[in-house]
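The chain contents come next:
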Amino acid sequence: MKLLTDALEGLGSTLLLLARALSYTRTLPRQFGRFIEQCYLIGYTTLPIVAILSFFIGSVLALQSGFAGKDFGAKQFIGLLVGVSMSRELAPVMAAILLAGRVGSAIAAELASMKVYQEIDALVTMNIPPARILVLPRLAAVAVMMPVLTIVADLVGWFGGAIISKYTHFIAIEPESYFATMRQYMHFDSVLNGLIKAEIFGFVVVLVCCNVGLNTRGGPREIGAAVTRAVVVSLILILVLDFFVTRVLA
Amino acid sequence: MNNSQQTARVGLFFLLGVALIWVTFETLSGGKVFKDKGYELIAGFESLQSLKEGDEIRMAGVRIGEVKGTRLAPSGRRAEAILRIDTGVKIRADATATIVMSGLIGTNFISVDLGTATAGELRPGAEIRTKATPDLGAVMEKLSSLGTKLEDALGSLSGALSGDANNPGLIKKVDTLVTENREKIGATMTNLQQVTDRINKGEGTLGRLVNDPKLHDELLASVDQIKAAAGDAKNFVANAQTIIDQVKSGKGPLGTLVFDEKVSADLRATTQNLRALSDKIARGEGAIGKLLTDDSLVKDAKAVLKKADRALDGFDDAGPITAVGVVARGLF
């Protein structure tokens, strides 16, 4: 029962936080500096790990599908399989998971520390809403950066698959053939689908992590617990939402 | 890191992302931001097989549109595919649409033929003519029935060859025939062997023809001569044809004679005159007629000749005297 109450409380406070943050949207131009800083943290510094991870995900996908398809002549469709899998599913989900692990944890830790050390209370006392200066720039930054991270993940994953397809002896498909299959059967809809999903996931991750951080109560020990909770909830929400968003977009 | 550097990096990063999205979009969707609305045609089929929305429409292999949707006709008696054709593509009224399977994994497209150049164009919303194509299931069914028939035919053939208790099969009959006529067949084979031996040795006409190169050359020369003769005959026929053509066109004396009406009339008149003349001669009329029919003239002629003869005899006797007289009269 307590679990359900906690879940509902979390959902309600998250939605309220979102509403409050969005109500300050017109102050965003004045917070351009904070927005850029968050963009840098969320997008620019996350790019290397997203690229590395996507390269190997694309490679493994090509390797496994090549292994499965080599016995019945389905090797030429590896390009399509990797292309569609990466753009529709793996790139947005992996980007969101990395965001939760790398950025979400940092946000939760930062806001939880501010809360524990009463900086948030000080802001409130000075009539500076935390939703305006702490949440809104992050939400805006993730909305701008998530599509960029996802498209990079898509392309790096596709190229990873192409390289593995060429140099693995039991696949041995030239990149021209790999990309020709992808171009023939794949449409931009798949990529757009993935970008929309990534946008939703990124938004949810940042919002949840901000909410968990801002609602931390107690001493310094709670900071670690808040980070763990924020990441776990984010991961669960990413995968649960993935199903429903895919159903809606399909 | 100062603030402006951070801003520049974020800006660059964002631009990179937008550029990548644009490149992906251009590559996968052919750069069409807004889809060409084109115009629609209706294609009715007994079965759409596995045709689905988004499948291509090709004319002579070139993509000209896509299937916008599929539905059952309001009458419920057929299925209809709504075809979205690109603007600027003209489809003739007698063009035919068929569903073509392009791969074994179930990808289909609609193929539209070119139609005839003189036919009118189909207007938006019009219905295009269609032709049913058998789907894979129907083909397999026919193959199955073909297999059954083939099996029956092979069974009958097998029965005919091996036979049963009452009626010995073909193989048995052939076996009996060979067994009974073994000696005759052996003799025939021996004869055949002898004949081929002789041919190999160059004996007899056939042997020489096969083995003697001279005979072969002569045969070739004969064939050449026959060819030359045929060529001459061809020329002759051509010349004769030319003459006939000239005669037909009324050229030359023969042509004039055959085709000129005036000459024909003259000839007819001449013939009639000749006939009249010969009739008169036959009847003994006129000088020539009398000459030919009346013998009194001959008698008269004979009498005249006799008289002349006698006169000449008399003249012979008096000749020298008269001659001397004439000479003397001249001298004095």
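Bear in mind the structure is a predicted one, so any value in this text is a computation, not a measurement.

A short note on the overall build of chain A
Thinking step 1. Secondary structure summary: chain A contains nine helices and zero strands in total.
Thinking step 2. Sequence-ordered secondary structure for chain A, helices as α and strands as β, is α-α-α-α-α-α-α-α-α.
Thinking step 3. Here chain A holds 250 residues, and the buried ones make up 48% of them.

Concerning the confidence of the model for chain B
Thinking step 1. A residue-level look at chain B finds 90% of positions with pLDDT of 70 or above and a mean pLDDT of 82.
Thinking step 2. Both scores are given for the predicted complex: the pTM is 0.57, the ipTM 0.76.

Considering the sheet that holds strand 4 (residues 79-85) of chain B
Residue and element names in this part refer to chain B.
Thinking step 1. Read around the closed barrel, seven strands run 1-4-3-2-6-5-7, paired in mixed fashion. For this sheet, the mean inter-axis angle between neighbouring strands, taken without regard to orientation, is 40°.
Thinking step 2. Pairing analysis gives five bridges linking strand 5 (residues 96-101) to strand 6 (residues 108-112), with the strands arranged antiparallel. Within strand 6, the residue paired with Ile99 across the bridge is Ile110.

Observations concerning the interface of chain B and chain A
Thinking step 1. Facing 16 residues of chain B, the contacting portion of chain A comprises 19 residues.
Thinking step 2. Considered class by class, the residues forming the side of chain B that touches chain A number eight nonpolar, seven polar and one charged.

Considerations on the nonpolar core
The tendency in soluble globular proteins is for nonpolar side chains to be buried as a group.
Thinking step 1. Counting 83 residues, the largest nonpolar core has Ala95, Val205 and Cys210 of chain A as its most contacted members.
Thinking step 2. Ranked by the residues each element gives to this core, the list is headed by helix 6 (residues 130-167) of chain A, at 21 residues.
Thinking step 3. The contact partners of Val205 of chain A, leaving out residues within four places of it in the chain, are Ala96, Leu99, Ala100, Gly104, Ser234 and Ile238 of chain A.
Thinking step 4. Membership of the second largest hydrophobic core comes to 19 residues, among which are Ile57, Ile85, Ile110 and Val112 of chain B.

Details of helix 1 (residues 2-23) of chain A
Thinking step 1. Taking 1.5 Å per residue as the helical rise, helix 1 of chain A with its 22 residues ought to reach 32 Å, and the 31 Å between its terminal C-alpha atoms agrees with that figure.
Thinking step 2. Sparse coverage of helix 1 of chain A is indicated by the burial of two of its 22 residues.

Details of the pairing of strand 5 of chain B
Thinking step 1. Where strand 5 of chain B and strand 7 (residues 127-130) of chain B come together, two bridges link them in parallel fashion. Residue pairing across strands places Thr96 of chain B opposite Arg129 of chain B, the latter belonging to strand 7 of chain B.

Concerning the pairing of strand 4 of chain B
Residues and elements named next belong to chain B.
Thinking step 1. Of the strand pairs in this sheet, strand 1 (residues 39-45) and strand 4 are connected by seven bridges, and their pairing is antiparallel. From the neighbouring strand, Leu41 faces strand 4, where its bridge partner is Leu83.
Thinking step 2. The sheet contact formed by strand 3 (residues 62-72) and strand 4 spans seven bridges and is antiparallel. Within strand 4, the position partnered with Val67 by the bridge is Leu83.
Thinking step 3. A loop of six residues connects strand 3 with strand 4, the two strands running antiparallel in sequence, and Gly76 in this loop sits at a positive phi of about 80°.

What counts and what doesn't
- Residue positions are given per chain, counting from 1 as you read along its sequence in written order.
- For this description, chains carry letters from A and ligands carry numbers from 1, given in the order in which they are written.
- For this predicted model, a pLDDT threshold of at least 70 governs which residues receive local features, and a threshold of 80 or more governs which side-chain atom pairs are given and counted, while totals over whole chains, interfaces and linings are taken from all residues.
- Where helices and strands are cited, they refer to DSSP runs of H or I of at least four residues and of E of at least two residues respectively, numbered from the N terminus.
- A residue is called partly exposed when the number of other C-beta atoms within 10 Å of its own lies between 12 and 20, exposed at 12 or fewer, and buried at 20 or more, with C-beta atoms placed from the backbone.
- As a per-residue measure, pLDDT tells how confident the predictor is, with possible values from 0 to 100.
- Only when DSSP finds a minimum of two bridges between them are two strands counted as paired.
- In this description, a line fitted to the C-alpha atoms serves as the axis of each element, helices being fitted only across the stretch in contact, and the angle between N-to-C directions of two axes falls anywhere from 0 to 180 degrees.
- For every residue pair, C-beta atoms are placed from the backbone, and the pair is scored as a contact if these atoms sit within 7 Å.
- Here the nonpolar group is Ala, Val, Leu, Ile, Met, Phe, Trp, Tyr, Cys and Pro; Asp, Glu, Lys and Arg are the charged ones; every other residue, Gly included, is treated as polar.
- Each nonpolar core comprises buried Ala, Val, Leu, Ile, Met, Phe, Trp, Tyr and Cys residues, the members being joined through C-beta atoms within 7 Å.
- To estimate how far a helix should reach, multiply one less than its number of residues by 1.5 Å.

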